[in-house]
Number of protein chains: 4
Amino acid sequence: MTVAHIGHVELSVTDLEASAGFFEEIVGLTVSRREADRAFLRAWQDWDHHTLVLTRSDRSAVEHVGWRVERPEDLPHFQRRLDELAIEHRWMRAGGEPGQGDGLRFRTPAGLPLELYWEVQPYAAPAAAASRLPSHPQRTPRTGIAPRRFDHVNFLVEQVEPEQRWLSEELGIHHRYYVESADGGRLGSWLSRTNVSHEIALMRRRDGVGSGLHHLAYYVDSTDQLVRAATLLADHGTTIEWGPGMHGTSGAVFLYFFEPSGHRVELWTGGMLIFAPDWRPLRWDADSAPLGFELWDSRAPDTYFSRSSPVLGEAAAPSRTP
Amino acid sequence: MTVAHIGHVELSVTDLEASAGFFEEIVGLTVSRREADRAFLRAWQDWDHHTLVLTRSDRSAVEHVGWRVERPEDLPHFQRRLDELAIEHRWMRAGGEPGQGDGLRFRTPAGLPLELYWEVQPYAAPAAAASRLPSHPQRTPRTGIAPRRFDHVNFLVEQVEPEQRWLSEELGIHHRYYVESADGGRLGSWLSRTNVSHEIALMRRRDGVGSGLHHLAYYVDSTDQLVRAATLLADHGTTIEWGPGMHGTSGAVFLYFFEPSGHRVELWTGGMLIFAPDWRPLRWDADSAPLGFELWDSRAPDTYFSRSSPVLGEAAAPSRTP
Amino acid sequence: MTVAHIGHVELSVTDLEASAGFFEEIVGLTVSRREADRAFLRAWQDWDHHTLVLTRSDRSAVEHVGWRVERPEDLPHFQRRLDELAIEHRWMRAGGEPGQGDGLRFRTPAGLPLELYWEVQPYAAPAAAASRLPSHPQRTPRTGIAPRRFDHVNFLVEQVEPEQRWLSEELGIHHRYYVESADGGRLGSWLSRTNVSHEIALMRRRDGVGSGLHHLAYYVDSTDQLVRAATLLADHGTTIEWGPGMHGTSGAVFLYFFEPSGHRVELWTGGMLIFAPDWRPLRWDADSAPLGFELWDSRAPDTYFSRSSPVLGEAAAPSRTP
Amino acid sequence: MTVAHIGHVELSVTDLEASAGFFEEIVGLTVSRREADRAFLRAWQDWDHHTLVLTRSDRSAVEHVGWRVERPEDLPHFQRRLDELAIEHRWMRAGGEPGQGDGLRFRTPAGLPLELYWEVQPYAAPAAAASRLPSHPQRTPRTGIAPRRFDHVNFLVEQVEPEQRWLSEELGIHHRYYVESADGGRLGSWLSRTNVSHEIALMRRRDGVGSGLHHLAYYVDSTDQLVRAATLLADHGTTIEWGPGMHGTSGAVFLYFFEPSGHRVELWTGGMLIFAPDWRPLRWDADSAPLGFELWDSRAPDTYFSRSSPVLGEAAAPSRTP
């Protein structure tokens, strides 16, 4: 009994209009549903109803990260397991989150707000946006950066290793690669259930307390699309935090920036897939770690290891950097 | 006394709304001026007021191709030379073509409708589209294919060699490379005044009579942009005539398709620049010519050497292919 | 009990020196072992000892296609299942194929020569080629096209549908998308166990009899790498059969050519991954199929649906095309 | 009377074997001639005998930068003009620099070591490297980064503006864009005679004295080629100083690193061409300059405005950075 794959993220945002406009017009996601206080979005080849929910709030935070399970009967099994583990949980009944069936919500030991669900409504493009290609759930967008699909999330946590073990043991998310400090401390771990290099990452926060969403990532088709993205962002007034650069760990090319309500977004492309059923996590030590974070000798900005979005309902993580 | 560089094309179109919409929304050009019966467009880094004029008509044809001269005093010199050559010509007075000063219009020996001009108005972006970057005459567009700049034109003619000589001798447009048939006949010639591989090409028509515009070309930044363009076109219902392929002659990657009023458009990228002041035209013979037309072993479709846009006011070139 | 992922292909080749040289110097694979009559090769990020074996022979054919299973104990279970199905099989004992443990070899109902195995030796780069990056089993090659990894195989068969069902039901390889003719006949099916769009494809042969290997495919990182590949091939005398083009089915960009002993090779890049645990195969009908095969309106050459490499030990498939 | 275009650079190097090996095997240039103490190299589509000369020395320095003139008769005219200006000069007689005719060598007011020449020998590929394509002076290389062509040079100087004026007025090299500090001081100027955005740049040094070669640049075909270059360099032990990034000024994507004898090399791609005969230099002021240097919000490393290669025969420029 494992999760099947990561499915979506819900973010609370202080400026819903600005954030929804940014994701639609600049990032080039498609709005699949708009309510007064929520916007549901997806990339053009995301097959499901949504991969991002933006919810109006007086605070920007991460509300939950949804994972699809492998079979409908896994949901009650997971519920029993949470009971065994004495982990508080609650059901989000079908329809509470439009486009989705029942969702089982809980927090991991490090406080990551997860949801497990089985049923999901496929995205149905309105006639004007429908493609004649069965492989295109909608026509390829003419506007914005237009990534292909939702890819992964990354959280800052205080203790990486126990949280990685919990995700691997309880949810079946394979450990793919990790970074150790000179004294053997775990600085980061990257995990995936599928063949992508990671669907969720954990990095040790440099300052502040608690867990927070470091970023969510959408996949673009090529480095050139990333370059186009960077130039569009620069020419439309969005500051780029870091990139384009290449994560030596995954081999993917990345770009980080902040959306209007303050959440960090990554666009990335390329890199490796992992197929071996007996994959042993790759170890990056103090010598190789700098190239693991960035292969081309650029260094992460100060904000990179400290700034994150708090988990909804948690106190903000005090941090020396903004 | 030579031309300085190619500047713009005026096309008459049978469906102005469809053509202007296509160039704006799909190709991603910017409309710099719209009149009831004319649309003026340019690519995002075209510095001048326009590089394409679409004029409503009951027939799709090429109206004129404009070339900028090197100095204001060249215009009267060219006029005298046309008089010497007994070539009919007429002045388009400043303002007749908005954004431009006086234009001297005439037809070459093969009937190509050219215009020479000096004065041109720079494009001034409206505030909402202005970029904070001095190198960007407008912000990089969020919509459509969005090529960087206008690049070149290509004409089908009955006799390539005399027309090439005329363009080289009278206008100073350098001969860059050519294709010969097995019997030494000239099948095509490519010419430029600037360092790009060609600003104007001449190809021998396979059937039909007279001269016609084969295509006009805009430059995109990368093969990946061309791939994005091809997919956007395919998913929005435009048939691609040929490409992506690579012209072995220039090394540029190409894509050909027809806009709604029937003119062939090329997007292209990459390839060589030519710097030598004593450049000797490269000769492609019957053996190498197929790779010259397409390096990766695809072959031009039947339409490629026969279909073209007639010159305004000329009888349509009868042709066995549509 | 299913396979885990496709692992490697063994081809018999009539000119081992030419084929091994081509795959090493032009394609840019790395030779991990060379014997008098065999060469073992892999792409730079293939983690296993080899993904391609070339074996000297008086006939170019496909010898076997290896699939890794999920657990060591799956091998005897598969053997029992083959017994139940009365499918002849034999063991290739550990070391018979260097770098690999026991292999269970058999033919599918359509005659595809498969092998199942668990144990595999990781590639160990010689010191001179070792990378300081844990994510690089060797340094990124300076020479040749240098794809990232082995990707998939494609077979021509007489009857697609029953073979697809057998692969799905007996080996657990998911059906991802298929093409139907106007009369409902199955023209092709694409299947994968992993999240890539397909690891094995079946296409109905247009003429000839029996099954044959249509191509094996390696993955390159970008369309630009594919363009570089096409130009390297063209400039080093290899004819390109088809491409670059985009398979509308997968969204991947492709290039096909023949190696010196006559096997078709594909390089491809991009396209979609499939994550849904309840994925329903996409159906391409007679209307959409042309765009499914090639999205940008090029058409497959005549050779594409008839030429293939025979299965070792089978009579050559007579075919009207070379 | 103007120069025609930049042609080549001669560098003295402390480790000829290491530098020549690096440029051949990693950068992927072709050696057109090798002497005991000199190596002559060029990119694959450089038409001339060489674009880079490496000369063994006990000091790494820039020996000269060669510019081709427009006509043979320009050389004596330039000599007379140097006499008028009382600028010392000397003739390098034909053959002194293999592959080239007479060269007129002198130093500009800021001490830049230039050479003017007319005659140049085209590169003649040995049979094994010859291409069947008339547009390819040699086959596209299978090895290394393999840029397409030599592009430009950049010098650190103490006073930008007077040197820019001298180059424009005496050599006819157009001023394309410049950067000013808040107090109106000139921080950099970029100039070209051809349509590329610049063939020579001048930047004000932050510390140290005198002029020095900041870098020489080769052009690659795409951002993806640059990414491949960066990864090859990283995986073969070369530290990247800065990039990939985009110069907002030109729109080109760049990568900087140092070759084994310590000269800075740039690979770059894309960006704008300039066609207007009445181009007015673009002004980047203190507000826009950071984006002019790097559009995606990365900042130049400390070494960038101080480290340079001394001019041969000049005292090294003392500088606080290595």
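All of these numbers come straight from a predicted model, not from anything done at the bench.

Cut-off values and rules
Residues numbered from 1 in each chain as written. Chains lettered and ligands numbered in written order. Predicted model: local features only at pLDDT ≥ 70, side-chain atom pairs only at ≥ 80, totals over all residues. Helix = DSSP H or I, 4+ residues; strand = E, 2+ residues; numbered from the N terminus. Buried ≥ 20, exposed ≤ 12 C-beta atoms within 10 Å, placed from the backbone. Contact = placed C-beta atoms within 7 Å. Nonpolar A, V, L, I, M, F, W, Y, C, P; charged D, E, K, R; others polar. Least-squares fit on C-alpha atoms with pLDDT ≥ 70 in both. Expected span 1.5 Å × (residues − 1). Arc of directions from axis to C-beta. Pairing = 2+ DSSP bridges. Axes fitted to C-alpha atoms, helices over the stretch in contact; angles between N-to-C directions. Core = buried A, V, L, I, M, F, W, Y, C linked by C-beta atoms within 7 Å. Domains from an automatic or database assignment.

The subject of this paragraph is the environment of D:Glu161. Position of D:Glu161 relative to the elements: it lies in helix 3 (residues 160-171). Its 15 C-beta neighbours within 10 Å are what place D:Glu161 among the partly exposed residues.

This part takes up the interface of chain B and chain D. Counting from both sides, the interface comprises 28 residues of chain B and, opposite them, 28 residues of chain D. Going through the elements one at a time, strand 1 (3-13) and strand 17 (282-284) of chain B are the ones with two or more residues in the side of chain B that touches chain D. Counting residues per element, the side of chain B that touches chain D draws most heavily on strand 17 of chain B, at three residues. A per-class count over the side of chain B that touches chain D returns eleven nonpolar, twelve polar and five charged.

Here we take up the relation of the copies chain C and chain A. Placing chain C over chain A gives an RMSD of 0.0 Å and needs a rotation angle of 180°, together with 0.0 Å of translation along the axis. Both copies of the chain, as the preceding transformation shows, are related through a two-fold rotation axis. By residue overlap, the copies meet face to face through one surface: 97% of the interface positions of chain C are interface positions in chain A.

Attention now goes to the interface of chain C and chain A. Facing 29 residues of chain C, the contacting portion of chain A comprises 29 residues. Elements represented by at least two residues in the side of chain C that touches chain A include exactly strand 1 (3-13) and strand 17 (282-284) of chain C. Looking at the side of chain C that touches chain A, the element that brings in the most residues is strand 17 of chain C, giving three residues. A breakdown of the residues in the side of chain C that touches chain A according to their chemical character gives twelve nonpolar, twelve polar and five charged.

Okay, helix 3 (residues 160-171) of chain B next. Residue and element names in this part refer to chain B. With twelve residues, helix 3 extends 16 Å from end C-alpha to end C-alpha; this agrees with the ideal 16 Å at 1.5 Å per step. Listed as buried for helix 3 are Val160, Glu163, Gln164, Leu167 and Leu171. Seen end-on, helix 3 carries its buried residues on one side only, within an arc spanning 105°. The secondary structure elements touched by the buried residues of helix 3 are strand 1, strand 9 (149-157), strand 10 (174-180), strand 11 (186-192) and strand 12 (200-204). Just past helix 3, the residue Gly172 takes up positive phi, approximately 75°.

Residues and elements named next belong to chain B. Taken in spatial order, the eight strands line up as 2-3-4-1-5-8-7-6 in an open sheet, and their pairing is mixed. Each edge of the open sheet is held by one strand with a lone partner, namely strand 2 (30-34) and strand 6 (89-92). Geometrically, the sheet is characterised by an average inter-axis angle of 25° between neighbouring strands, direction not taken into account. The pairing of strand 2 with strand 3 (residues 38-42) spans four bridges and is antiparallel. Looking across to strand 3, one finds that Val31 is bridged to Leu41.

Core analysis: the largest hydrophobic core is formed by 182 residues, its most contacted members being A:Ala229, A:Ala230, A:Leu255, D:Ala229, D:Ala230 and D:Leu255. Core analysis: the second largest hydrophobic core is formed by 180 residues, B:Ala4, C:Ala20, C:Leu54 and C:Met246 among them.

Moving on, we come to the domain arrangement of chain A. All names here are of chain A. Along its sequence, chain A is carved into domain 1 (3-120) and domain 2 (149-310). Computed from C-alpha coordinates alone, the two centres of domain 1 and domain 2 are separated by 20 Å. The interface of domain 1 with domain 2 comprises 29 residues on the first partner and 34 residues on the second. Of all the secondary structure elements, the ones that give two or more residues to the side of domain 1 that touches domain 2 are strand 1 (3-13), helix 1 (16-26) and strand 5 (61-69). Ranked by the residues each element gives to the side of domain 1 that touches domain 2, the list is headed by strand 1, at eight residues.

Right, let's talk about the environment of D:Val65 for a bit. Here D:Val65 is to be found in strand 5 (residues 61-69). Distance from D:Val65 to D:Met203, taken between C-alpha atoms, is 17 Å for residues 138 residues apart in sequence.

For A:Ala36, the location among the structural elements is in the loop between strand 2 (30-34) and strand 3 (38-42). Look at A:Ala36 and you get exposed, because 6 C-beta atoms sit within 10 Å.

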